[in-house]
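Residues per chain, in single letters:
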Amino acid sequence: MKIDRLIGILSVLLQQEKTTAPELAERFEVSKRTINRDIEDLCKAGIPIQTTQGAHGGISIMDGYRMDRTLLTSKDMQVILAGLRSLDSISGSRYYGQLMEKISAGSSEFVSGRDSILIDLSSWYRDTLAPKIETIQSAIENRHILTFKYYSQSGESSRRIEPYYVVFKWSSWYVWGWCLKRKDFRLFKLNRMDKVGESNAVFKCRSVPAPDLSTEKLFPGGIKVKALFTKDVKWRLVEEFGPACFIEQDDGKLLFTADYTDMENLVTWILTFGEKAEILEPKQARKRLTEIVRNMNDVYKEDEK
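Residues numbered from 1 in each chain as written. Predicted model: local features only at pLDDT ≥ 70, side-chain atom pairs only at ≥ 80, totals over all residues. Heavy atoms only, no water.

### Considerations on the packing of aromatic side chains
- Taken as a whole, this structure holds 17 aromatic pairs when the rule is applied.
- With a centroid separation of 6.4 Å and 40° between ring planes, the pair formed by F241 and Y260 is classed as tilted. Within this pair, whereas F241 is found in helix α9 (residues 234-241), its partner Y260 is found in strand β10 (residues 254-260), the two being separated by 19 residues in sequence.
- Members of the aromatic cluster, joined through ring pairs, are F229, F241, F256, Y260, W269 and F273.
- The ring of W178 has R206 lying over it, and the distance from NZ or CZ to the ring centre is 4.0 Å.
- The lysine or arginine in question, R236, covers the ring of F273, its NZ or CZ lying 3.8 Å from the ring centre. (Phe/Tyr/Trp six-rings, centres within 6.5 Å; stacked < 30°, edge-to-face > 60°. Helix = DSSP H or I, 4+ residues; strand = E, 2+ residues; numbered from the N terminus. Lys NZ or Arg CZ within 6 Å of the ring centre and 35° of its normal.)

Structural data, given as structure tokens:
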């Protein structure tokens with residue numbers, strides 16, 4: 001948009017002593033004529049821009065001009081830029097990078113060498129994640145129905161939703177919207193979505209409740225788990241459940257107790273520990289693990305021949 005480009009040009013001029021119209025045209029992917037019109041508009045807005053001709057000529061801001069930043073402290077700038085960098089880590093465009101340039105323009109005293117927080121929200125799926133987020137954001141802004149194929153434990157389905165929020169929670173990305181199939185608000189995990197597209201169908205914005213992202217709401221518990229772990233996997237238990245989730249036994253093993261939400265997820269989680277874990281309760285999970293181990297033995301016993 002033009003206003004974004006004008007602010008971007010101003011930020012470049014505040015950071016650089018001098019630039020040229022061709023350089024600005026290449027940077028903002030517009031024609032030189034458009035840049036010249038933008039410079040005229042900035043001059044009309046009262047920005048003291050001067051242009052000089054010749055081999056060493058160019059576009060610059062008159063000496064003595066600066067933006068008033070008295071409302072932002074160094075700590076304010078660090079927090080803002082940390083947030084923008086985190087969004088830039090999953091962005092498929094240059095938007096957040098340009099926004100950082102605008103905010104930090106001429107503020108070297110605020111931002112040089114003082115970063116204390118670095119956040120990277122990208123994942124192993126960044127190449128596919130960024131286009132999905134970009135499409136979803138566009139659908140939200142345009143109030144267009146979002147279409148996609150969704151994979152869940154119950155199977156595959158085609159979904160059409162009214163998208164309202166892109167959500168980052170539990171180390172994953174989600175979209176929160178009104179599902180036209182379920183007639184209710186739902187949270188969909190982006191890594192389970194395929195063929196994500198923005199349709200031309202427009203929807204009327206509903207009164208949207210903010211998604212309740214509390215662990216208690218989405219993962220209410222109910223399955224009482226008791227298991228024994230070997231001492232060398234203590235780090236995993238601490239990382240995933242905290243240091244209060246187990247009691248060290250006299251033989252060195254760790255007696256783990258916790259609430260779990262889903263039986264299949266519980267069984268899958270225990271399997272990731274291999275022979276380093278033994279589930280004691282619930283009996284149903286122990287029985288299921290016994291069946292899985294027996295079936296796995298049948299699959300791999302041919303290798304013993």
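### Overview of a nonpolar patch on the surface
- A grouping of L271, M296, V299 and Y300 is seen on the molecular surface, where their side chains present a nonpolar patch of about 390 Å² in accessible area.
- The biggest single contributor to the nonpolar patch is helix α11 (residues 283-300), with three residues.
- Position of M296 relative to the elements: it lies in helix α11.
- Since its relative accessible area comes to 40%, M296 is described here as partly exposed. (Patch = residues over 30% accessible without salt bridge, like charges linked within 9 Å, V, L, I, M, F, W, Y side chains within 5 Å. Areas by Shrake-Rupley, 256 points an atom, 1.4 Å probe, with all protein chains shown as cover. Salt bridge = Lys/Arg side-chain N within 4 Å of Asp/Glu carboxyl O. Buried < 20%, exposed > 50% of the residue type's maximum accessible area, 1.4 Å probe, protein only.)

### Details of the sheet that holds strand β5 (residues 172-179)
- Read from one edge to the other, the open sheet built from five strands follows the order β6-β5-β4-β3-β7, with strand pairing classed as antiparallel. Lying at the two open borders of the sheet, with one neighbouring strand each, are β6 (184-189) and β7 (193-202). Going across the sheet, the axis of each strand differs from the next one's by a mean of 45°, ignoring polarity.
- As defined by bridge partners, β5 adjoins β6 across six bridges and the pair is classed as antiparallel. Bridge pairing in β6 links G177 to R186. (Pairing = 2+ DSSP bridges. Axes fitted to C-alpha atoms, helices over the stretch in contact; angles between N-to-C directions.)

### Section: the pattern of salt bridges
- The full count for this structure, using the stated rule, is 13 salt bridges.
- Salt-bridge contacts for R5 lead to D38; the nearest nitrogen and oxygen are separated by 2.6 Å. One end of the pair, R5, is in helix α1 (residues 2-15); the other, D38, is in helix α3 (residues 32-44), and 33 residues separate them in sequence. Each member of the pair, R5 as well as D38, carries the same accessibility label: buried.
- E240 is the partner of R236 in a salt bridge, and the nearest nitrogen-oxygen pair spans 3.0 Å. One end of the pair, R236, and the other, E240, are both in helix α9, four residues apart, so they sit about a helical turn from each other.

Nothing here speaks to function; it is geometry throughout.
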